[in-house]
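Notes for the structure review
Spelled out from the first residue to the last, the chains are:
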Amino acid sequence: MLLYLVKHSDNGYEERAVIAMLYHAVGRGSEVAATTWESAEWDDDKQFLLFDWGEIKTGQQYIMTLHPNADSEDGWLLCSIHSIACNLICGSTVYKASASAEEAGMNFMFNNYFGMADGGAASKVSRIIQKCRDGGVEDLPEDFTGHGLRVAAADEMMFNVHLPFFAAIARGGWDCKADTLLFYYLTQKLHVAAAGKALAGWANPNVKVHAPTLEAIYNDKNRGAIDAFCHELFQHSSISQLLDTTLKGFRSRMVASLLMYYANVKKELGRDSAIIRSMYAACVESDLEIRDLDFYGKQIKKRFQVDNALNLAASSSDNIETIMEKAFHEVQKIGLDTLDEVKVMHGKVSHIKEEVDDMKGLLEDIHARLPPRSPSSSPERKRAKVASAPPPNPQAVARKPDSIQPAGWGGFLARSQKQQTKADAIDWKDLGNWDTKTLLIRCLKNNENFESEHFLRGKLEVGSSGTTRRGRARNVLRHVKLAAEAMDASNMIYFYPRFVPKKDDEEERKAYFTAIEVNAARWAIAVKDQYFNRLKVHDNIPDDGPDFLKHKKSQSNQKMSITALGAKLEKKMD
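All figures in this text were calculated on a predicted structure; none of them were measured in a lab.

Topic: empty space enclosed by the protein
- With the rule as written, the count across this model stands at two cavities of 30 Å³ or more.
- Lining the second largest cavity are Ala-17, Trp-37, Ile-84, Asn-87, Leu-88, Met-109 and Phe-110.
- For the lining of the second largest cavity, the element with the highest residue contribution is helix H4 (residues 80-90), accounting for three residues.
- When the residues that make up the lining of the second largest cavity are grouped by side-chain class, the tally is six nonpolar, one polar and no charged.

Here we look at the pattern of salt bridges
- For the structure on display, the rule yields 19 salt bridges.
- Ionic pairing is found between Arg-498 and Glu-289, a salt bridge with its closest N-O pair at 3.6 Å. You can see Arg-498 sitting in the loop between helix H22 (464-487) and helix H23 (506-538) and its partner Glu-289 sitting in the loop between helix H14 (274-286) and helix H15 (293-307), a full 209 residues away along the chain.
- The partly exposed category is assigned to Arg-498, whose relative accessible area is 36%.

Let's talk about helix H13 (residues 262-269)
- Every buried residue of H13 is accounted for by Tyr-262, Asn-264, Val-265, Lys-266 and Leu-269.
- Of the residues one or two after H13, Gly-270 is the one with positive phi, at around 95°.

Considering the packing of H4 against helix H12 (residues 248-260)
- Direction vectors running N to C along H4 and H12 enclose 100°, while the axes themselves pass 9 Å from each other. Taken together, the axes of H4 and H12 are roughly perpendicular relative to one another. Contacts between H4 and H12 pair Ile-81, His-82, Ile-84, Ala-85, Cys-86, Leu-88 and Ile-89 from the former with Phe-250, Arg-253, Met-254, Ser-257 and Leu-258 from the latter.
- Considering only residue class, the contact of H4 with H12 consists of nine nonpolar, two polar and one charged.

As for the nonpolar core
- Grouped together as the largest cluster of nonpolar side chains are 123 residues, with contacts concentrated most on Trp-37, Leu-214, Phe-229 and Leu-259.
- Per element, the largest residue contribution to this core is eight residues, and it comes from H23.
- In this structure, Trp-37 is in contact with Leu-49, Ile-84, Leu-88, Asn-107, Phe-108, Met-109, Ile-239, Leu-242, Leu-247 and Phe-250, ignoring residues within four places of it in sequence.
- Core analysis: the next-biggest nonpolar cluster, separate from the first, contains 11 residues, Ala-153, Ala-168, Ala-194 and Leu-199 among them.

Comments concerning H23
- Spanning 33 residues, H23 covers 47 Å between terminal C-alpha atoms, matching the ideal 48 Å at 1.5 Å per step.
- The largest bend in H23 is about 40°, located at Asn-519.
- Just downstream of H23 lies Asn-540, where phi reads positive at about 55°.

A closer look at the packing of aromatic side chains
- Per the counting criterion, the structure on display carries 13 aromatic pairs.
- Look at Trp-37 and Phe-250: their rings are 6.1 Å apart centre to centre, the planes differ by 40°, and that puts the pair in the tilted class. Of this pair, Trp-37 sits in the loop between helix H3 (29-32) and strand S1 (41-43) while Phe-250 is found in helix H12, placing the two residues 213 residues apart along the sequence. No difference in accessibility class separates Trp-37 from Phe-250, as the two residues are buried.
- Through successive ring pairs, a cluster of aromatic residues spans Tyr-494, Phe-495, Tyr-512, Phe-513 and Trp-523.
- The aromatic ring of Trp-434 is capped on one face by Arg-442, whose charged end is 4.5 Å from the ring centroid.

A closer look at the environment of Ala-40
- The residue Ala-40 is located in the loop between H3 and S1 in this model.
- Judged by its relative accessible area of 10%, Ala-40 is buried.
- Note: C-alpha distance between Ala-40 and Ile-63 (23 residues apart in sequence) is 9.8 Å.
- Those residues within four positions of Ala-40 in sequence are excluded, and the remaining contacts are Leu-49, Leu-50, Phe-51, Met-109 and Leu-247.

Overview of unusual backbone geometry
- Residue Gln-47 is not a glycine yet carries a positive backbone phi of 65°.
- Here Gln-47 shows up in the loop between S1 and strand S2 (48-55).
- For Gln-47, a relative accessible area of 5% gives the class buried.

A closer look at the confidence of the model for the protein chain
- Within the protein chain, residue pLDDT values average 80, and 74% of them lie at 70 or more.
- Scored below 50 in pLDDT, residues 376-389 makes eight contacts in the model with residues more than four places away or belonging to other chains.
- Within the model, the stretch residues 394-409 combines pLDDT values under 50 with 24 contacts to residues more than four positions away or in other chains.

Scoring rules and cut-offs
Residues numbered from 1 in each chain as written. Predicted model: local features only at pLDDT ≥ 70, side-chain atom pairs only at ≥ 80, totals over all residues. Heavy atoms only, no water. 1 Å grid on protein atoms, 1.4 Å probe; cavity = no way out; pocket = protein on both sides within 12 Å on 5 of 7 lines; lining within 4 Å. Points joined across faces, edges and corners; volume = space filled by probe spheres on them. Helix = DSSP H or I, 4+ residues; strand = E, 2+ residues; numbered from the N terminus. Nonpolar A, V, L, I, M, F, W, Y, C, P; charged D, E, K, R; others polar. Salt bridge = Lys/Arg side-chain N within 4 Å of Asp/Glu carboxyl O. Buried < 20%, exposed > 50% of the residue type's maximum accessible area, 1.4 Å probe, protein only. Axes fitted to C-alpha atoms, helices over the stretch in contact; angles between N-to-C directions. Parallel < 35°, antiparallel > 145°, perpendicular 65-115°, else oblique. Contact = heavy atoms within 4.5 Å. Core = buried A, V, L, I, M, F, W, Y, C linked by side-chain atoms within 4.5 Å. Expected span 1.5 Å × (residues − 1). Bend = angle between axes of the 7 residues up to and from the residue. Phe/Tyr/Trp six-rings, centres within 6.5 Å; stacked < 30°, edge-to-face > 60°. Lys NZ or Arg CZ within 6 Å of the ring centre and 35° of its normal. pLDDT = per-residue confidence, 0-100.

Listed below in C-alpha cells is the structure:
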C-alpha cells in the first residue's frame, strides 16, 4: 500500500507519512491532524523523537515517540523517520493559517489535515486506503479503514512477548484504571518508547535502539560538505529554521536514514523519483559527489547493524547467551565483508599502479630510442633534423616486432586506441546540424564541460568558423541548462560530465542517458519559447493583429539545430 502511494499518488509522500505515523502511534485520524513540530524534540540519549500526541481541542494529550525501523534493507517504507524526511522534502509546502490565536505560529506535522470538520481527517485517511484498493493493491479487506491501522498496531504489540502489557496501553492512549495507576504515569515515557520499538520491528523492545548516524561517514575532509548537504535537503521545508536549530539532531538522523536506504529506494522508485532527485540536487549545491551516496549509505548501514547487533540478533525464544553469540557472529560477518571490500579496493589500486608503471616503462623505452640531437643553435639545421628524423610515434614503436613492451601495456594501449577511435568517429565540425539532445549526450560521453575554457578544444577547426560553432554550442547548452533547472533544480546533473555514472554501472548509466533523451527536446523548446516571449515584449507586439500571427508562425517554424537556435540566442535585446 505504501509503495503504491509513493509511486502513483500525486501527494504520495505525505500520504505514506500519514499512514506510517498512524500505525506507529496507534493513532486516530484526528490525532495526526493536531501534532505540532514545536512540541517535538530529539532525545539523543534514548535515540528517539519525542512529541505531544492527542487531540488538543479536547485536552486529551500524551507523549509519543518514533524510532528507526529494525530492517535496514527493506524497512524504509514503514520507517517513521524516513517517511517524515521524505514528506518534509517532497511533500506539500502549502500551509494553512492557524485557526486560533493559541495556534498562531504553530507548525503542524500534517497541516493539510488540520482544521478539518469533525471526522474529516479520519475520512481523508480512509479515502487514501480506498485509493490503494481501487488501484489494485492486494490484501486490503473491504472493511479496512483508518481505524484498521490502530487495530493492526495493537495486535503487533500484544503478540510481542517481551513487551509489558502497560506499554501497549500507554502507546494506544487507552484509560488505565488499575491499582497501579501511579506506577503507569511515572513510567509512561518508558512504556511508550518500548511499545514504539516493538512496532518498529525490534525483537526485544527493552533493549536500547541506536538510530542511523552520520558519524559513520564524517571525516575531516567531508564534514563541511555533508553538513551543507543536510541544510540543502531541507532548506525549502516549512520547518527549515527548526531543523537548523532545535531539531538539528533529528535532521541529521533523517539524513542518515535517507542515505542508509538510498540504494533500496533508488532501485524501487528510480533515479527520477522526487526524493532521489532532491538528494542529487542537494549534492550539487553542497559539492558532495553523487557517486559517494551509495558508499555513504553502506557505511551508515554497517554502523547501524553493529550498534544494534544485540537486538538484531535476538528472537522471542533466545536466552541472553544465545543472543550474545548471535550478535558476535553478526559483527564478525560485517567485519569480514568490510575486509573483502578493502581487498577489492587494494586490488584496483594495485592494477592502476601497474598501468602507471607500464606507461612509465614505455616512455623510458621511447626516450632511449630517440636519436641524439645536435647541439647546433641554427634554426634551419634544427628544422632539417626534425624533418629527416621525426620522433617515433608511441603506437608505431608498440607495433614493431622487435620492440620491447612492458608487461600489461598492450591492454592499456588497446583501450586507449579504442577510446580515441570512438571519439574520432564523431564529426564535431557537423555539430551545427545536431539537435540539443545529440550535442549534450556526446559532450557528456566525451568529457566535454561547456563551462570549461577548453570546451571542444581540438575537435573544431581553428579560425572563425570553429569559434562560432563553439560559442553557439556553449550558449545553447547554457540556456538549456537554465531552462531544465527552472523545471527541477536536480536537472543540473545532466549537464556536467562529473555526474555521468561509471561504465561498469550499466543500469545506472542507461537510466541517466535515457532521462536526457526523454527530456532534452522539452528543455530546448522551453529555451525557444522564452526567446520568442522576450522578442514579443521587445518588439511590443500586441496579442492580436497580423504582427502577432506572424510572430507565432516564426516561433512555430523555428528550427531546433544548434546553428539555428544558437544564432537566435546571439541576438541582443536592449
